[in-house]
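Structure at a glance
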Amino acid sequence: MAVVAGYPDVIAAHQAGLTSFVGTLGTALGDDHVLGLRRLTDRVVLIFDGDEAGQKAADRSLELFLGHDVDVRVLTLPSDLDPCDFLLKEGGE
């Protein structure tokens, strides 16, 4: 399951054929969300914007996931792209 920042990222992923994406919608991610994701999957990949704000969001989210029994990864995008732009440029492959 991939976790991204918002609706445009989730929509772009689904349009690219990637259906295991959910959005945090800003700072709304909490322990209850992590537990819900844990019931759905064993592995979560955090994919936030490549800029400094996106990396800070990934760090905050990572801290939440590390407190739970889940395999969590962070995918870092180039600094000028968010997940939506990356998918539009590169496709879902």
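Structure: see above.
In what follows, the accompanying structure is described. Only a predicted model underlies this, so the values are computations on that prediction, with no experimental measurement involved.

1. Examining the side chain of aspartate 9
Inspection of the secondary structure puts aspartate 9 in helix H1 (residues 7-15). One buried charged side chain, aspartate 9, makes no salt bridge at all; its nearest oppositely charged neighbour is arginine 60, positioned 13 Å away. A polar contact of 3.0 Å, which involves the side chain of aspartate 9, links it to the backbone nitrogen of cysteine 84. Not counting the four nearest positions on each side in its chain, aspartate 9 is found in contact with Val4, Asp82, Pro83, Cys84 and Leu87.

2. Considerations on the pairing of strand E3 (residues 43-47)
The pairing of strand E1 (residues 2-4) with E3 spans 2 bridges and is classified as parallel. Its bridge partner lying in E3, valine 3 is registered against leucine 46. Judged from the 5 bridges that link them, E3 and strand E4 (residues 71-75) form a sheet pairing that is parallel. Bridge pairing in E4 links leucine 46 to valine 74. Each parallel crossover has a hand, and for E3 linked through helix H3 (residues 52-66) to E4 it is right-handed.

3. Observations concerning the pattern of salt bridges
Where charged atoms from two side chains of opposite charge come close, those side chains can pair. In this structure the tally under the stated criterion is 5 salt bridges. Residues lysine 56 and glutamate 52 are paired through a salt bridge, measuring 3.2 Å at the closest nitrogen-oxygen approach. Of the two residues, lysine 56 and glutamate 52 are both situated in helix H3; the distance of 4 residues between them amounts to about one turn of the helix. Overall, lysine 56 belongs to the partly exposed group, its relative accessible area being 44%. Its relative accessible area of 56% is what places glutamate 52 among the exposed residues.

Criteria and cut-off values
- Residues numbered from 1 in each chain as written.
- Predicted model: local features only at pLDDT ≥ 70, side-chain atom pairs only at ≥ 80, totals over all residues.
- Heavy atoms only, no water.
- Helix = DSSP H or I, 4+ residues; strand = E, 2+ residues; numbered from the N terminus.
- Buried < 20%, exposed > 50% of the residue type's maximum accessible area, 1.4 Å probe, protein only.
- Lys, Arg positive; Asp, Glu negative; His and termini not counted.
- Salt bridge = Lys/Arg side-chain N within 4 Å of Asp/Glu carboxyl O.
- Polar contact = N/O pair within 3.5 Å; in protein donor to acceptor, adjacent residues only side chain to side chain.
- Contact = heavy atoms within 4.5 Å.
- Pairing = 2+ DSSP bridges.
- Right-handed = clockwise from strand over helix to strand, strands pointing away.

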